[in-house]
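# What the coordinates show
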Amino acid sequence: EEEVNEINFEMIAKVTAQYYDVDIEDIKGTARGQKVSTARHMAVYLSREITEKSFVCIAEYYNKKHTLEITDVSQKSYNNRHNLNNCRRIEGAL
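Residues numbered from 1 in each chain as written. Predicted model: local features only at pLDDT ≥ 70, side-chain atom pairs only at ≥ 80, totals over all residues. Heavy atoms only, no water.

## A short note on the overall build of the chain
Looking only at helices and strands, the chain has 6 helices and 0 strands in total. The secondary structure elements of the chain, listed N-terminal to C-terminal, are α-α-α-α-α-α. Taking the intrachain contacts of the chain between residues at least 6 apart in sequence as the baseline, contacts between residues at least 24 apart amount to 57%. Here the chain displays about 6,300 Å² of accessible surface, and carbon together with sulfur accounts for 44% of that area. (Helix = DSSP H or I, 4+ residues; strand = E, 2+ residues; numbered from the N terminus. Contact = heavy atoms within 4.5 Å. Areas by Shrake-Rupley, 256 points an atom, 1.4 Å probe, with all protein chains shown as cover.)

## Examining the environment of Y45
Within the fold, Y45 resides in helix α3 (residues 34-51). We classify Y45 as buried; its relative accessible area is 18%. Remark: the alpha-carbon pair of Y45 and C87, spanning 42 residues in sequence, is separated by 8.8 Å. (Buried < 20%, exposed > 50% of the residue type's maximum accessible area, 1.4 Å probe, protein only.)

The structure is reproduced here in structure tokens:
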């Protein structure tokens, strides 16, 4: 029986960091630059959409103290065509 590799937060963060050319530690950290912030938002959004894990689990992985931060990121990140196209490209790389 063949084992299926399940997509996890680490994989999502790694591929997203590569896509946006940022360090994975910046995505998980407190950096506030636009490039890092965009990458973090995308990683959080994909983490929720792909893994269907709780906001509490996602917040823990991304070192966020409050799930409200994660909920906010997830809800407002993908409201335009540019972000949707980037989202699809990153999903394709997973």
